[in-house]
Amino acid sequence: MRIGVPRGLLFFYYYPLWEAFFRTLGVELVVSAPTSRPLFNRGVVLASDETCLPVKVFFGHIESLREKQVDYVFLPRMVSMEKRTYLCPKLLGFPEVVTSVITDLPPVLTANFNLRKNPKELDKALHELGKQLGYNARRIQQAVEAAREAQARFEDLLLGGQEFDLAVKGRSAERNTAEVALRIGVLGHAYMLYDRFTSLDIKGKLSKFGTEIITAETVDSGEIDHYMEQLPKKMFWSHSKRILGAAYSFIDDPRVHGLVHLSCFGCGPDSMIADMVERACRRRGKPFMVLTLDEHTGEAGLVTRLEAYVDMLRRRVEVENNISAHG
Amino acid sequence: MKITFPHMGNIWIPVKALFDYLDIEFVLPPQNSKRTLSLGTQHSPEGACLPFKLNIGNLIDAAAQGADTMLMTGGVGPCRFGYYGDLERDILADLGINLKLITLEPPDGSLTGLARRIKLAAGDKPWPRIIGAVKFAYGKALAMDRIEDIIHWARPRALNPRLAEEIYRQAQTELDQARDAKGVDRVVRDTRSRVRGLALKQDYEPLRVGIVGEIYTLLDPFSCHDIERHLGHLGVHVDRSIYISGWINEHVFQGLYKAYKDISHHKALAKPFLNHTVGGHGQETIGGAVDFARHGFDGVIHLLPLTCMPEIVAASILPQVSKSLQIPVMTLYVDEQAGEAGLLTRLEAFIDLIDREKRMNRRISDEQTVLGG
Ligand code: SF4
Ligand code: SF4
């Protein structure tokens, strides 16, 4: 049996979970190719104009699976993956949205993941998936355990600062620990940040300018929670919560010289989070830049903006060093 | 304490009644207008949804009139609405406007939590008085809903639709001024008899259009260029999937009261097309469209602010509803740039379309009766 997995949206958060689960069951996964120009363009054409960039890109991935001769397309409905939080409303309606827009897809394999009240629901959802494919409970349970383990390892690797491309395969590698002069906290949804084409490789570009990048995935959840507790109102989107908590932690961290928020046009949560982060940065005098990408964003303009920002950070650091050297 | 509440159509009437009853000073911001919107847009995040921007405009205005406390309804996700109040307070604070925020949300669904928050807004008033105020205000909401529906009926049928608007305005004023439950009932009765006195078009059977979508845009005429009035004047009978009492019942009372035109069955109706809640009213939008189709409406209009998350899900699925139940659906996005002229053209085209379909269906069924069998 072959199951198609679109390389978009939740893939960037939960692929190791799915991969280990299906592999243990003995199912072959066919993942769509990394985002490319043609795939991106197809997605933009298929999706509604008004939706956000990552959803548009996702449509391109889904469509590319049509020609891959898969028995199912995997479209889990991930409602909540953590207590008292939700994923974005758009993801909650995803299976139906996709099948309404692309009507000749292979059958959709789906289950509801709703861990909002009870973390045990994860097992339940996975069991439901396994049952739909005709496996027995014992076999499924093995797969569930493998899945949890793989996901935990993935998250640990990211926490340790491992590159996404390696971490998603469960691989670790020596990290370069040389001192860098500039460290930038880069915020954004994983499906933007780690999708090289869609994000116009912002991370790569910043590295080329000789800066070190840290992302929200490297901040541990205890710390995120610590910052979230200081908010008068609980942030209820799990991924945004991580972004916001990480932002506050970067603001407090003198080793982080500036923040870049990679946001996407048409994103509801981003519109609020980016504003909150910007306000917090302004109050604390931390440099902040928001880049809102859409399908028309040009590479050249972006490079200019990043370059100017990095130059500005560099000058600031020099001034600070001078002051501390002389003061 | 001087309390304020952002606008959303006629909701100011019951809210004002609540505070008047409790003798708490209420600051009514100027009605939504282009000025409110540009004020709000200037101080809101660019990607924020339209209702948020209007809220900000209202709150700045209210603060200028001396309000020191803002009352908001809340929610715990997954839609943005749940975070409105807190972000709004922050934005205002950065402008040097410090409003105390009272969120009327039942924290995690507990009614005692809700009661505590109502008490926060009501101050030292005794409970019976608070309950009396809530009942009185909710009575006004129900009356407002009835009045709006009477006007929905009158607009397309009146020979001179302007007279229907006059009756509407008069009803709003009178309802605002009504001092007790009897007075509230009287306004509804009077409105009904005034409409009965209107000169009507002869033998006119209007097209019927149901409006579904995001609540704020549905309830607030400014935010949707008063689409109901336009449709009415174009000779269309309008109904919408949610009324003010429905909104209050859901956001404040957790469904304990009976609302006007209850929509609790809409989720179930949506299931074949959208099998899960998507926050806000995305699922109810689908259910509402199904309901209108079943009741023989001629068309459905879906209203939503640009970037609205739950409704964009609904917008992607509505074509399926339209196809399978054979009812024309038009989607209208609103944002601060949408122009009224463009809207009118689109409405006219849509009415032409449903009118043609209706006549064609009638012809087909006539043919079948006469020639078929
Ligand atoms: S969180 Fe933002 S980017 Fe992600 S699906 Fe929702 S609206 Fe789109
Ligand atoms: S329902 Fe739509 S418009 Fe209303 S708060 Fe949510 S995203 Fe904004």
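Preceding this paragraph is the structure being described.
What you see is a predicted model; the values in this text were computed from it and never measured.

A. Structural context of the interface of chain B and chain A. Residue-level contacts link 38 residues of chain B with 37 residues of chain A. Here chain B and chain A share an interface that buries about 3,100 Å² over both sides, 64% of which is from carbon and sulfur atoms. In this structure, Asp94 of chain B engages Arg283 of chain A in a salt bridge whose closest nitrogen and oxygen atoms are separated by 3.2 Å. Inspection of the region where chain B meets chain A yields seven residue pairs in polar contact (both at pLDDT 80 or more). Of all the secondary-structure elements, those providing two or more residues to the side of chain B that touches chain A are α4 (81-94) and α14 (309-325) of chain B. Per-element tally for the side of chain B that touches chain A: the top contributor is α4 of chain B, with nine residues. Here the side of chain B that touches chain A is composed, by residue class, of 20 nonpolar, eleven polar and seven charged.

B. Representation of the packing of aromatic side chains. If you walk through the whole model with that rule in mind, you get 21 aromatic pairs over all chains. Between Trp18 of chain A and Phe74 of chain A, the ring centres sit 5.1 Å apart and the planes meet at 90°, which makes this aromatic pair edge-to-face. In this pair, Trp18 of chain A sits in helix α1 (residues 11-25) while Phe74 of chain A sits in strand β3 (residues 72-74), placing the two residues 56 residues apart along the sequence. The exposure class assigned to Phe74 of chain A is buried, which follows from its relative accessible area of 2%. With a centroid separation of 4.8 Å and 5° between ring planes, the pair formed by Phe164 of chain A and Tyr194 of chain A is classed as stacked. Here Phe164 of chain A, found in helix α8 (residues 164-167), pairs with Tyr194 of chain A, found in the loop between α9 (190-193) and α10 (202-208); they are 30 residues apart in sequence, far enough to count as distant. Across this residue pair, the class does not change: Phe164 of chain A and Tyr194 of chain A are buried. Put simply, the rings of Phe11, Phe12, Tyr15, Phe154, Phe164 and Tyr194 of chain A touch in pairs and so form one group of aromatic residues. The ring of Tyr204 of chain B has Lys201 of chain B lying over it, and the distance from NZ or CZ to the ring centre is 4.4 Å.

C. Quick look at empty space enclosed by the protein. Residue and element names in this part refer to chain B. Evaluation of the coordinates by the stated rule reveals seven cavities of 30 Å³ or more. The space that makes up the largest cavity amounts to roughly 320 Å³. For the largest cavity, the lining is made up of 21 residues, of which Leu18, Leu104, Ile248, Val252 and Phe253 are closest to its centre. When residues of the lining of the largest cavity are traced back to their parent elements, those giving at least two are α1 (12-21), α5 (111-122), α6 (127-157) and α11 (244-251). Of the residues that constitute the lining of the largest cavity, the class distribution is 20 nonpolar, one polar and no charged.

D. Molecular detail of the environment of Glu278 of chain A. Residues and elements named next belong to chain A. Looking at the secondary structure, you find Glu278 in helix α13 (residues 268-284). Accessibility expressed as a relative area gives 31% for Glu278, which makes it partly exposed. Considered as a pair, Glu278 and Lys233 are 45 residues apart in the sequence and their alpha carbons are 18 Å apart.

E. Here's a closer look at the site of ligand 2. All names here are of chain B. Taken together, Cys49, Pro51, Cys79, Arg80, Phe81, Tyr84, Glu214, Pro305, Cys308 and Met309 form the complete shell of residues around ligand 2. Class assignment of the residues belonging to the shell around ligand 2 gives a composition of eight nonpolar, no polar and two charged. Summarising the domain contributions, the shell around ligand 2 has at least three residues from each of domain 1 (3-125) and domain 3 (206-373).

F. Region of the structure containing the packing of α1 of chain B against helix α7 (residues 161-177) of chain B. Residue and element names in this part refer to chain B. The interhelical angle for the contact between α1 and α7, taken along N-to-C directions, is 15°, at an axis separation of 9 Å. In this view, α1 runs roughly parallel relative to α7, as classed from their interaxial angle. You can see that α1 and α7 cross each other, and the crossing is right-handed. Every residue of α7 that contacts α1 at Trp12, Ile13 and Lys16 is listed here: Gln172, Leu175 and Asp176.

G. Geometry of the pattern of salt bridges. Residues and elements named next belong to chain A. Per the stated rule, a full pass over the model turns up 40 salt bridges over all chains. Between Asp123 and Arg148 there is a salt bridge whose closest N-O contact spans 2.5 Å. Placement of Asp123 in helix α6 (residues 121-132) and of Arg148 in helix α7 (residues 137-159) is noted, with a sequence separation of 25 residues between them. With a relative accessible area of 37%, Arg148 lands in the partly exposed category. Through salt bridges with shared partners, a single ionic network connects Arg42, Glu63, Arg66 and Asp104.

H. Main features of the side chain of His7 of chain B. Residue and element names in this part refer to chain B. Tracing the sequence through the fold places His7 in the loop between β1 (2-4) and α1. A residue is classified by how much of its surface remains accessible, and His7, at 2% relative accessible area, is buried. Sequence-distant contacts of His7, that is, excluding residues within four places in its chain, are made with Trp12, Leu28, Pro29, Pro30, Gln31, Asn32, Asn55, Asn58 and Tyr216.

I. Structural context of the site of ligand 1. All names here are of chain A. Around ligand 1 sit Cys52, Pro54, Cys88, Lys90, His189, Tyr191, Cys264, Cys267, Gly268 and Pro269, and that is every residue in its neighbourhood. Of the residues belonging to the shell around ligand 1, the class tally is seven nonpolar, two polar and one charged. Mapping the shell around ligand 1 onto the domain boundaries places at least three of its residues in each of domain 1 (2-159) and domain 2 (176-325).

J. Looking closely at α7 of chain A. All names here are of chain A. Look at α7: 33 Å from first C-alpha to last across 23 residues, which is about the 33 Å you get at 1.5 Å a residue. All of the buried residues along α7 are Ile140, Ala143, Val144, Ala147, Gln151, Phe154, Leu157 and Leu158. Summarising the contacts, the buried residues of α7 are in contact with α1, α6 and α8.

K. Quick peek at the sheet that holds strand β7 (residues 299-305) of chain B. All names here are of chain B. With parallel pairing, the four strands of this open sheet are ordered in space as β6-β5-β7-β8. Strands at the two margins of the open sheet, each flanked by one partner only, are β6 (236-240) and β8 (329-334). Within this sheet the neighbouring strands show an average axis-to-axis angle of 25°, counted without direction. The strands that α14 touches are β5 (207-213), β7 and β8; relative to β7, the one it contacts most, it runs at about 165°.

L. The sheet that holds strand β2 (residues 28-31) of chain A, seen in detail. Residues and elements named next belong to chain A. With parallel pairing, four strands are arranged side by side in an open sheet as β2-β1-β3-β5. In this open sheet, the two strands that pair with only one neighbour each are β2 and β5 (108-109). Pairing of strand β1 (residues 2-5) with β3, which is carried by two bridges, proceeds in the parallel orientation. Within the sheet, the bridge partner assigned to Gly4 lies in β3 and is Val73. Contacts between α1 and the sheet are confined to β1, β2, β3 and β5, with β2 contributing the most and set at about 155° to the helix.

The rules behind these values
Residues numbered from 1 in each chain as written. Chains lettered and ligands numbered in written order. Predicted model: local features only at pLDDT ≥ 70, side-chain atom pairs only at ≥ 80, totals over all residues. Heavy atoms only, no water. Contact = heavy atoms within 4.5 Å. Buried area = accessible area lost by both parts, 1.4 Å probe. Salt bridge = Lys/Arg side-chain N within 4 Å of Asp/Glu carboxyl O. Polar contact = N/O pair within 3.5 Å; in protein donor to acceptor, adjacent residues only side chain to side chain. Helix = DSSP H or I, 4+ residues; strand = E, 2+ residues; numbered from the N terminus. Nonpolar A, V, L, I, M, F, W, Y, C, P; charged D, E, K, R; others polar. Phe/Tyr/Trp six-rings, centres within 6.5 Å; stacked < 30°, edge-to-face > 60°. Buried < 20%, exposed > 50% of the residue type's maximum accessible area, 1.4 Å probe, protein only. Lys NZ or Arg CZ within 6 Å of the ring centre and 35° of its normal. 1 Å grid on protein atoms, 1.4 Å probe; cavity = no way out; pocket = protein on both sides within 12 Å on 5 of 7 lines; lining within 4 Å. Points joined across faces, edges and corners; volume = space filled by probe spheres on them. Near = heavy atom within 4 Å. Domains from an automatic or database assignment. Axes fitted to C-alpha atoms, helices over the stretch in contact; angles between N-to-C directions. Parallel < 35°, antiparallel > 145°, perpendicular 65-115°, else oblique. Left-handed = near helix turned anticlockwise from the far one by under 90°. Expected span 1.5 Å × (residues − 1). Pairing = 2+ DSSP bridges.

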